[in-house]
Amino acid sequence: MQITTIDRINLSHELQQRLADYEVGRDTYIKLQNQYTEVAQEDVRLKQKATELEGQARRTDTSWNAMAKSGTIDQGKINEEIERSAQLRKDAQALHLTAEARIGIQKDLAVQLAEARLKLIGAPSAINKEYQETLLTKALKQGGTLDILLELFVLSRDVLLTNVDAHSLELSRCHSQHERQEKIKEFTWMAFGKKLETLFDGADVDISSPTLATLPSPVQKETVVDSFAALQKLKRTIAAP
């Protein structure tokens, strides 16, 4: 039997609503992530461009200094290079100032991101747990499933009972017949589980249950908090001069 998904229309009304509410919050979070990434990338671009202009200014300085020392270039050309160097530095400074002015935008988005993610933490696991329980219930009710499991269990139980003396030491510690029967029942389920483990032969490791909700991964340089206290600490840190 294969694990199958359930259409959303077949989910309980409560689960449908929880999933819908989660997806609204998730979409808001993803939009904030995109905004944060765009702002961070633009800040990097501004700083890189400023550094590039400063490099050009230094090279221009070297150029006009060489001209001045050579004595073969007229003063007008040297003045043009000096003015060009000054303008490059002015443009670079303007980009630095723009980047600094944008720091507040990035900080504000960092807090909004942390708040949005904190609201989502825990929701996917709760939603998926209920969803997988629904799938399990459906699978157990499929025709023939109970009969097959029951037959396998009875066979495993009876095999154990024919060799119950192998557990004589543990059973000797029981203080009543009821405790003895409960211990035998425990051994039975353990033996049944070992049979299934042997039957699976590790195949279960490569199979995962279907899920409904997934928490998006953090984007580069995103600050992740896992509690309200951590969020408050982040706000204080960002607000500090």
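Residues numbered from 1 in each chain as written. Predicted model: local features only at pLDDT ≥ 70, side-chain atom pairs only at ≥ 80, totals over all residues. Heavy atoms only, no water.

Engineer: Looking at this model, I keep getting lost on the overall build of the protein chain. Mind explaining?
Structural biologist: Looking only at helices and strands, one finds eight helices and zero strands in the protein chain. The secondary structure elements of the protein chain, listed N-terminal to C-terminal, are α-α-α-α-α-α-α-α. Over its C-alpha atoms the protein chain spans a radius of gyration of 34 Å, topping by over 25% the 18 Å that the globule rule assigns to 241 residues. Taking the principal axes of its C-alpha atoms as reference, the protein chain extends roughly 110 × 40 × 35 Å. Put simply, the protein chain has 241 residues, and 27% of those count as buried. A fraction of 82% describes how many contacts in the protein chain between residues 6 or more apart in sequence connect residues 24 or more apart. Carbon together with sulfur atoms contributes 55% to the accessible area of the protein chain, which is approximately 16600 Å² in total. Charged side chains in the protein chain number 32 positive and 35 negative. The centres of these two groups are separated by 5 Å. (Helix = DSSP H or I, 4+ residues; strand = E, 2+ residues; numbered from the N terminus. Rg over C-alpha atoms; globule rule 2.2 N^0.38 Å. Buried < 20%, exposed > 50% of the residue type's maximum accessible area, 1.4 Å probe, protein only. Contact = heavy atoms within 4.5 Å. Areas by Shrake-Rupley, 256 points an atom, 1.4 Å probe, with all protein chains shown as cover. Lys, Arg positive; Asp, Glu negative; His and termini not counted. Charge placed at Lys NZ, Arg CZ, Asp CG, Glu CD.)

Engineer: I would appreciate a short explanation of the nonpolar core in the present structure.
Structural biologist: Of all hydrophobic cores here, the largest spans 26 residues; its most connected members are Leu11, Leu15, Ile127, Tyr131, Leu212 and Val225. For this core, the elements supplying multiple residues, two or more each, are α1 (13-70), α3 (103-120), α4 (123-140) and α8 (228-239). Here leucine 212 is in contact with Leu11, Leu15, Leu19, Ile127, Asn128 and Tyr131, once residues within four sequence places are set aside. Among the nonpolar cores identified, the runner-up in size contains eight residues, and Ala57, Leu88, Leu95 and Ala99 belong to it. (Core = buried A, V, L, I, M, F, W, Y, C linked by side-chain atoms within 4.5 Å.)

Engineer: Got a minute to help me understand the environment of glutamate 197 in this structure?
Structural biologist: For glutamate 197, the location among the structural elements is in helix α7 (residues 177-200). Accessibility expressed as a relative area gives 47% for glutamate 197, which makes it partly exposed. Sequence separation between glutamate 197 and proline 124 is 73 residues; the distance between their C-alpha atoms is 29 Å.

Engineer: What am I meant to see in unusual backbone geometry here?
Structural biologist: It is generally the case that most residues other than glycine have a negative phi and that most peptide bonds are trans. A positive phi angle is found at aspartate 201, which is not glycine, with a value near 55°. By the secondary structure assignment, aspartate 201 is in the loop between α7 and α8. Of note in this structure, lysine 221 is not a glycine but carries a positive phi near 70°.

Engineer: I tried to follow a positive patch on the surface on my own but got confused; where do I start?
Structural biologist: A contiguous patch of positive charge, built from Arg58, Arg59, Lys77 and Arg84, is present on the exposed surface. Listed by contribution, the elements that provide at least two residues to the positive patch are α1 and α2 (75-101). Residue position: arginine 84 is located in helix α2. The partly exposed category is assigned to arginine 84, whose relative accessible area is 41%. (Patch = residues over 30% accessible without salt bridge, like charges linked within 9 Å, V, L, I, M, F, W, Y side chains within 5 Å. Salt bridge = Lys/Arg side-chain N within 4 Å of Asp/Glu carboxyl O.)

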